[in-house]
Amino acid sequence: MNETITLPEGAVYYGGHYDVVVIGGGHAGCEAALASSRLGMQTILFAINLDTIANMPCNPSIGGTAKGHLVREIDALGGEMGRVADQTFLQSRILNRGKGPAVYSLRVQSDRRAYQAAMKHVLEQTDNLDVKQAEVTKLHVKDGHVEGVTIHTGAYYTASCVILATGTFLKGRIIIGDVSYSGGPDGLFPANSLSESLLDCGVQLRRFKTGTPARVNRKSIDFSKMEEQLGDEVITPFSFETKDPGVNKVSCHLTYTNAQTHQVIRDNLHRSPLYGGKIEGIGPRYCPSIEDKVVRFADKERHQVFIEPMGENTEEMYVQGMSSSLPEDVQLAMLRTISGLENVKMMRTAYAIEYDCIDPTSLLPTLEFKQIRGLYGAGQFNGSSGYEEAAAQGLVAGVNAALKLQGKEPLVLDRSGSYIGTLVDDLVTKGTPEPYRMMTSRSEYRLLLRQDNADLRLTPIGYKIGLISAERYERFLQKKAAIEEEISRLQGIVVPPSDTVLEFLKNHGSATITTGIRMSDLLKRPEFTYEMLAELDAERPHLTPTEAEQVEIQIKYEGYINRQLRQVEAFRRMEDKLLDENLDYDKIDGLRIEARQKLAKIKPRSVGQASRISGVSPADISVLLIYLEQQKLHH
Ligand SMILES: Cc1cc2nc3c(=O)[nH]c(=O)nc-3n(C[C@H](O)[C@H](O)[C@H](O)COP(=O)(O)OP(=O)(O)OC[C@H]3O[C@@H](n4cnc5c(N)ncnc54)[C@H](O)[C@@H]3O)c2cc1C
């Protein structure tokens, strides 16, 4: 850029031009910056403190129910979280093993510091990417398009795209009982200037809140009074690229609150900022504080408390399940009623944090702002909660900023193909009245969106947008072919009612056969696994454990999967009916006023998206479909 740059008010010098500026070094910012730089965009990431890149201000873990699915999907698309989680985990477990594969969810206990260091190092080594410790204090917008940012040192940077991934820092306010002060998480500085600048640019902000429990010293805990929780014997990595799954290094421990704990809380509810109306921000329904749990589930005698290590080289332990904003003395009293924590020493006090964020219905499905082109939002700033939700949005925003600058079709993942698509669609179409956390129940297509097949669903898309290398894609195609060949091989084998077979069936308490049966139909029987049928199948090719798992799931759940695939076809038909972003809904006769207003505000991309907007009825959708047909006839 050689034309002379006019410095905006308050700026001291011109820092240069970037294709993409990412504001935030949290889980969203990291994925956004890596995606845009890996797609060839000159990118810079700003963070208030580089030592807390990819920080885990809440539980030191990655994954869990539905969150594990997101991490797998991020990896399948070419994102980074899965790889770093595999390199820095302390304990790994698949949750919900007792249920069906749709809800199997990988969760790892992470070494918080090691995770930060590993992600920071990846950022530092990435081409086209600069990383800078600075607070962005101003956003500059001209004629409805971003122009650049100014940082606290007075440097002014011009940019073609800016991604806001500011997490819980914007006007961050810490609350502990009657004590409250301006602050970011973990004792970090808040970002107090950017909010004003965003308001000046016409961005509407609102207050959300979240909370975290205390951290205590391991040496003050009596683990003999708790249940030890071990990791899985066979470790399943997050990344489809991870060769060495690693080993478990630590245990977690389970204890419970009790009547005494609940009494301490009830006796001090009058000192609770939450119940004293001192907290303005709206908190996450699905990550309630302990005082909230005691009030809302008053009939419950006890609540689970997990003691989780924060890292390999620290004595800090995370007290999962005891998030709170009660005064510090009350926190200590309630913790010391819990079995094993009678003499506990708090290293960090539990607290609540309030922060500014947006209403995500002000974004397009690409996560670009409708009113300010070139400006994107990602993560907690968009009203979600959780590292994995943040990382998923960061990836989408980073990819779309790059695709926009390359003049290519945007990446819009639909909800029938991924949890990431479900997450973004829920946020931008329905909005969220509280911090949005992903759950498997949010998807209509759970059986299709399993964590085990994230690559089969998304790696071709990752390859098409340019984040998956040709080598990786070749490996993926080989895996896919091996699975498909094995499924059709098993469907083609007819197992005869020979003595050996009848003996085998009898030994496994399985129904006998009188005529030949397809091997795949035998595998459908609940008493058999793919491994077990090897006894009847001498010609079987060598498959990797993940390929074998895929074959087994696809055959065993074939009926349910086909039924969901038919539902997806119906869904896709409505998604493929695209709507012009500038359609004037006031001109469509028969639409109800509420529907006109909602459609004009959300600017749905398709009739399918329109049908998910609250306040748009099926009758309105019929009117819209007729209108589209008429348009087709007249053009
Ligand atoms: C106290 C607390 C409790 C939480 N509890 C839960 C929970 O129970 N369950 C759950 O799912 N999630 C919880 N979370 C949320 C979880 O931490 C976030 O969802 C996740 O970290 C969001 O990632 P992010 O990238 O959007 O933002 P963050 O991880 O918050 O990162 C934001 C980044 O933006 C940078 N930044 C901000 N403003 C500026 C600026 N103006 N200039 C430069 N850099 C800037 C910061 O330095 C930081 O690097 C909690 C978070 C906190 C703080």
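Residues numbered from 1 in each chain as written. Predicted model: local features only at pLDDT ≥ 70, side-chain atom pairs only at ≥ 80, totals over all residues. Heavy atoms only, no water.

## Observations concerning the overall build of the chain
And then number 1: Of regular secondary structure, the chain possesses 19 helices and 22 strands.
And then number 2: Radius of gyration (C-alpha) of the chain: 26 Å, near the 26 Å computed for a compact globule of 635 residues.
And then number 3: Considering only C-alpha atoms, the chain reaches an extent of 90 × 75 × 50 Å along its principal axes.
And then number 4: Sequence-distant contacts in the chain: of pairs separated by 6 or more residues, those separated by 24 or more amount to 72%.
And then number 5: If you sum the accessible surface of the chain, you get close to 26,500 Å²; carbon and sulfur atoms cover 51% of it.
And then number 6: The chain carries 73 positive and 82 negative side-chain charges, and their two centres are separated by 3 Å. (Helix = DSSP H or I, 4+ residues; strand = E, 2+ residues; numbered from the N terminus. Rg over C-alpha atoms; globule rule 2.2 N^0.38 Å. Contact = heavy atoms within 4.5 Å. Areas by Shrake-Rupley, 256 points an atom, 1.4 Å probe, with all protein chains shown as cover. Lys, Arg positive; Asp, Glu negative; His and termini not counted. Charge placed at Lys NZ, Arg CZ, Asp CG, Glu CD.)

## Looking at the sheet that holds strand β14 (residues 227–229)
And then number 1: Pairing is antiparallel in the open sheet, where 6 strands are placed in the order β14-β15-β16-β17-β13-β18. The sheet is open, and its two borders are formed by β14 and β18 (346–348), each paired with just one other strand. Taking each pair of neighbouring strands and ignoring which way they run, the sheet shows an average axis angle of 35°.
And then number 2: In terms of strand pairing, strand β16 (residues 304–309) meets strand β17 (residues 316–320) through 4 bridges, oriented antiparallel. Counted as the bridge partner of Phe306 is Gln320 from β17.
And then number 3: Along the sheet, helix α8 (residues 328–335) makes contact with β13 (215–217), β17 and β18, crossing β18 at roughly 130°. (Pairing = 2+ DSSP bridges. Axes fitted to C-alpha atoms, helices over the stretch in contact; angles between N-to-C directions.)

## Some words on the site of the ligand
And then number 1: Neighbouring the ligand are 35 residues, the closest being Gly25, Ala28, Val136, Gln380 and Gly386.
And then number 2: Within the side chain of Thr210, a nitrogen or oxygen atom sits 3.2 Å from a nitrogen atom of the ligand.
And then number 3: For the ligand, the accessible surface in isolation is 980 Å², of which the surrounding protein chains cover 96%.
And then number 4: Those elements that place two or more of their residues in the shell around the ligand are α1 (27–38), β2 (43–47), β12 (206–212), β19 (351–357) and α9 (387–405). (Near = heavy atom within 4 Å. Polar contact = N/O pair within 3.5 Å; in protein donor to acceptor, adjacent residues only side chain to side chain.)

## A closer look at the pattern of salt bridges
And then number 1: Here the structure, examined in full by the defined rule, presents 48 salt bridges.
And then number 2: Across the pair Asp356 and Arg207 runs a salt bridge whose closest N-O atoms are separated by 2.9 Å. One end of the pair, Asp356, is in strand β19; the other, Arg207, is in strand β12, and 149 residues separate them in sequence. In this pair, the class of Asp356 matches that of Arg207, namely buried.
And then number 3: Among the salt bridges present, the one from Arg472 reaches Glu241, with a minimum N-O distance of 3.6 Å. In this pair, Arg472 is assigned in helix α12 (residues 470–492) and Glu241 in the loop between β14 and β15 (252–256), connecting sequence segments 231 residues apart.
And then number 4: Connected through salt bridges with shared partners, the residues Arg415, Asp425, Asp426, Lys430, Glu444, Glu575 and Arg612 form a single ionic network. (Salt bridge = Lys/Arg side-chain N within 4 Å of Asp/Glu carboxyl O. Buried < 20%, exposed > 50% of the residue type's maximum accessible area, 1.4 Å probe, protein only.)

## A closer look at the state of the cysteines
And then number 1: With the rule as written, the count across this model stands at 0 disulfides.
And then number 2: Counting only cysteine sulfurs, Cys201 is the nearest neighbor of Cys161, a cysteine outside any disulfide, at a range of 15 Å.
And then number 3: Summary of cysteine pairing: Cys252 is not part of a disulfide, and the nearest cysteine sulfur, belonging to Cys58, is at 14 Å.
And then number 4: Since its relative accessible area comes to 4%, Cys252 is described here as buried. (Disulfide = S-S within 2.5 Å.)

## Considering the sheet that holds strand β5 (residues 105–110)
And then number 1: An order of β3-β5-β4 is seen for the 3 strands of this open sheet, with the pairing classed as antiparallel. Strands with a single pairing partner mark the edges of an open sheet, and in this sheet they are β3 (61–63) and β4 (89–95). Strand after strand, the sheet turns through a mean of 15° between neighbouring axes, direction not considered.
And then number 2: Here β4 runs beside β5; their pairing, made up of 6 bridges, is antiparallel. The residue bridging Ile94 from the neighbouring strand is Leu106, located in β5.
And then number 3: Across the sheet, helix α2 (residues 67–77) lies against β3 and β5, angled at about 75° from β3, the strand it touches most.

## Section: the environment of Ala85
And then number 1: Inspection of the secondary structure assignment puts Ala85 in helix α3 (residues 81–87).
And then number 2: Under the relative-accessibility criterion, Ala85 is labelled buried at 0%.
And then number 3: The spatial distance from the C-alpha of Ala85 to the C-alpha of Val108 is 7.5 Å, given a sequence separation of 23 residues.
And then number 4: With residues up to four places along the chain from it excluded, the contact list for Ala85 reads Ile62, Val108, Tyr115 and Phe238.

## Remarks on unusual backbone geometry
One can expect most non-glycine residues to show negative phi and most peptide bonds to be in trans.
And then number 1: Positive phi, close to 65°, is recorded for Asn96, a residue that is not glycine.
And then number 2: Counting through the fold element by element, Asn96 comes out in the loop between β4 and β5.
And then number 3: A positive phi is found at Asp186, a non-glycine position, where the angle reads about 55°.
And then number 4: Take Asp186: it is sitting in the loop between β11 (179–182) and α5 (194–200).

## Regarding the packing of α1 against α9
The description of two helices packed together rests on the angle between their axes and the distance between the axes.
And then number 1: The interhelical angle for the contact between α1 and α9, taken along N-to-C directions, is 30°, at an axis separation of 7 Å. On the basis of the axis angle, α1 is roughly parallel to α9. α1 and α9 meet at a crossing whose hand is right-handed. Between α1 and α9, the contacting residues are His27, Ala28, Glu31, Ala32, Ala35 and Ser36 on the first element and Tyr387, Ala390, Ala391, Gly394, Leu395, Gly398, Val399 and Ala402 on the second.
And then number 2: Partitioning the contact of α1 with α9 into residue classes produces 9 nonpolar, 4 polar and 1 charged. (Parallel < 35°, antiparallel > 145°, perpendicular 65-115°, else oblique. Left-handed = near helix turned anticlockwise from the far one by under 90°. Nonpolar A, V, L, I, M, F, W, Y, C, P; charged D, E, K, R; others polar.)

## Some points on the side chain of Ser105
And then number 1: For Ser105, the position within the fold is in strand β5.
And then number 2: Among the residues examined, Ser105 registers a relative accessible area of 0% and is labelled buried.
And then number 3: Only 3.0 Å separates the side chain of Ser105 from the backbone oxygen of Val103, close enough to count as a polar contact.

## Considering the packing of aromatic side chains
And then number 1: Taken as a whole and assessed by the stated rule, the structure comprises 8 aromatic pairs.
And then number 2: Taking 6.1 Å as the distance between ring centres and 50° as the angle between the ring planes, the aromatic pair formed by Tyr14 and Tyr156 counts as tilted. One end of the pair, Tyr14, is in strand β1 (residues 13–23); the other, Tyr156, is in strand β9 (residues 155–164), and 142 residues separate them in sequence.
And then number 3: One aromatic cluster in this structure is built from Tyr18, Phe46 and Tyr157.
And then number 4: The aromatic ring of Tyr530 is capped on one face by Arg540, whose charged end is 3.7 Å from the ring centroid. (Phe/Tyr/Trp six-rings, centres within 6.5 Å; stacked < 30°, edge-to-face > 60°. Lys NZ or Arg CZ within 6 Å of the ring centre and 35° of its normal.)

## Concerning the packing of α12 against helix α15 (residues 545–556)
And then number 1: Where α12 contacts α15, the axes come no closer than 9 Å and their chain directions differ by 45°. On the basis of the axis angle, α12 is oblique to α15. The handedness of the crossing between α12 and α15 is right-handed. Of the residues in α15, those in contact with Lys479, Ala482, Ile483, Glu486, Ile487 and Leu490 of α12 are Thr546, Glu547, Gln550, Val551, Gln554 and Ile555.

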